[in-house]
Amino acid sequence: MLTPNPLAPDRRARILVVEDDPKLLSLIRRGLAFARYEVEPSEDGESALIRAREQPPDLVVLDVMLPGLDGLEVCRRLRAGVPGLPILMLTARGRVPDRIAGLDAGADDYLVKPFDFDELLARIRALLRRARPAERGLLRFDDLTLDPATRDVWRGERRLGLTTREYELLEFFVQHPRQVLSRELIFERVWGSGFLGDSNVIDVHVMRLRDQLEANAETRLIHTIRGAGYSLRRE
């Protein structure tokens, strides 16, 4: 499943712009970049879906009339993969049935060409406000972000691929920052009293978490407290 990255306060929103008119695509790209958005351009539906899978955007500006896979089908596929992804459709068709078709395909908003660029920016800001992570109950510590609803995890802008147990362990650490957590407590809260495995499983999972969290040589966050357990803290 695709998952949009959370909008950290110090990060520019990433916008995927799908438009087959090179001149209009260039215009939108320059305007959004000037407004301090990070822009990912695409000229057709297939490449847009690939780009969205490889680097999930925060918002999509999507033309309806595209070569090959049209905008309505792209919208349906994006919506199926990311229910909460904001999608703004652009089209030269301004009739009510056309707008209804776009909204029914999963678009959040609809802008008819030709349009005023300030209006496009205003609609983008409004859609991003609705998707603001603070309203989605995300968990944060330092540059870590966890989304309990989807179990997605980011370190900065890098998305981590955790197993179910690795996520549950990291979530427990984030819920108890800077506290020293004994192996017994971790075992009870994360694995449960009915688990019959070896308690060394905690050490193995902590090691795997560190491998993921520090894959790009980032600062260690999960520290071993000799004789006591583990603690999530920045030193």
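Each remark here, short or long, concerns the structure printed above.
Residues numbered from 1 in each chain as written. Predicted model: local features only at pLDDT ≥ 70, side-chain atom pairs only at ≥ 80, totals over all residues. Heavy atoms only, no water.

Engineer: Help me out: how do you make sense of the sheet that holds strand S9 (residues 158-160) in this one?
Structural biologist: Backbone hydrogen bonds hold the strands of a sheet together, and the pairing may be parallel or antiparallel. Across the sheet, which stays open at both edges, the 4 strands sit in the order S6-S7-S8-S9 with antiparallel pairing between neighbours. The open sheet is flanked by strand S6 (139-141) and S9, the only strands paired with a single partner. Direction aside, neighbouring strands of the sheet carry axes that sit 20 degrees apart on average. Strands S6, strand S7 (144-147) and strand S8 (152-155) of the sheet are contacted by helix H6 (residues 164-175), whose axis makes an angle of about 115 degrees with S7. Seen against the sheet, helix H8 (residues 200-213) touches S7, S8 and S9 and runs at an angle of roughly 160 degrees to S9. (Pairing = 2+ DSSP bridges. Helix = DSSP H or I, 4+ residues; strand = E, 2+ residues; numbered from the N terminus. Axes fitted to C-alpha atoms, helices over the stretch in contact; angles between N-to-C directions. Contact = heavy atoms within 4.5 Å.)

Engineer: Just to check I follow, could you spell out the nonpolar core for this structure?
Structural biologist: Side chains of a nonpolar character, in soluble globular proteins, are inclined to be buried together. Formed by 25 residues in total, the largest nonpolar core has its most connected members in Leu169, Leu170, Phe173, Ile186, Trp191, Ile202 and Ile222. Elements represented by at least two residues in this core include exactly S7, H6, helix H7 (183-191), H8 and strand S11 (229-232). The element contributing the most residues to this core is H6, with 6 residues. Residues within four places of Ile202 in sequence aside, it is in contact with Arg183, Ile186, Phe187, Trp191 and Tyr230. (Core = buried A, V, L, I, M, F, W, Y, C linked by side-chain atoms within 4.5 Å. Buried < 20%, exposed > 50% of the residue type's maximum accessible area, 1.4 Å probe, protein only.)

Engineer: Could you clarify how one ought to interpret the packing of H6 against H7 in this entry?
Structural biologist: Between two packed helices, what matters for the description is the angle formed by their axes and the separation of those axes. The interhelical angle for the contact between H6 and H7, taken along N-to-C directions, is 125 degrees, at an axis separation of 10 Å. Of the possible angle classes, the one that applies to H6 and H7 is oblique. In the crossing of H6 with H7, the sense of the turn from one axis to the other is right-handed. Across the interface between the two elements, Arg165, Glu168, Leu169, Phe172 and Phe173 from H6 touch Leu185, Ile186, Arg189, Val190 and Trp191 from H7. Residues that form the contact of H6 with H7 fall into these classes: 7 nonpolar, no polar and 3 charged. (Parallel < 35°, antiparallel > 145°, perpendicular 65-115°, else oblique. Left-handed = near helix turned anticlockwise from the far one by under 90°. Nonpolar A, V, L, I, M, F, W, Y, C, P; charged D, E, K, R; others polar.)

Engineer: Explain the packing of aromatic side chains here, please?
Structural biologist: Describing an aromatic ring pair means giving the distance of the ring centres and the angle of the ring planes. Scanning the model with the defined rule gives 1 aromatic pair in all. Each ring, one from Phe187 and one from Trp191, has its centre 6.3 Å from the other, and the planes form 10 degrees; the classification is stacked. Residue Phe187 and its partner Trp191 are located together in helix H7, separated by 4 residues, close to a single helical turn. We note that Phe187, like Trp191, is buried. (Phe/Tyr/Trp six-rings, centres within 6.5 Å; stacked < 30°, edge-to-face > 60°.)

Engineer: Just to check I follow, could you spell out the sheet that holds strand S4 (residues 87-91) for this structure?
Structural biologist: Spatial ordering of the open sheet is given by S2-S1-S3-S4-S5, a layout of 5 strands whose pairing is parallel. For this open sheet the edge positions go to strand S2 (38-42) and strand S5 (109-112), each flanked by a neighbour on one side alone. The mean angle between the axes of side-by-side strands here comes to 20 degrees, regardless of whether they run parallel or antiparallel. Two strands pair when backbone bridges link them, and strand S1 (residues 14-18) and S2 are joined in this way by 5 bridges, in the parallel orientation. Paired with Leu16 across the two strands is Glu40, which belongs to S2. The strands touched by helix H3 (residues 71-81) are strand S3 (59-63) and S4; relative to S4, the strand with the most contacts, the crossing angle is about 180 degrees.

Engineer: Just checking my understanding: could you explain helix H2 (residues 45-54) for this structure?
Structural biologist: Owing to its 3.6 residues per turn, the α-helix brings residues three or four apart onto one side. Turning to H2, its buried residues number three or more, namely Gly45, Ala48, Leu49 and Ala52. For H2, the buried positions fall inside an angular range of 100 degrees around the axis, keeping them on one side. As for H2, its buried residues are in contact with S1, S2 and H3. (Arc of directions from axis to C-beta.)

Engineer: Please explain the pairing of S7 as it appears in this structure.
Structural biologist: Regular strands place their side chains on alternate faces of the sheet. Covered by surrounding structure in S7 are Leu144 and Leu146 together with Thr145 and Asp147, the residues of both alternating faces. Examined bridge by bridge, S6 and S7 share 3 bridges and lie antiparallel to one another. The residue of S7 that forms the bridge with Leu139 is Leu146. In this antiparallel pair of consecutive strands, S6 and S7, the connection spans 2 residues, and Asp142 shows a positive phi of 50 degrees. Looking at chain direction, S7 and S8 are connected through 4 bridges and run antiparallel. Within S8, the position partnered with Leu144 by the bridge is Arg155. Taken together, S7 and the strand that follows it, S8, pair antiparallel across an intervening segment of 4 residues, in which Arg151 is found at a positive phi of about 60 degrees.

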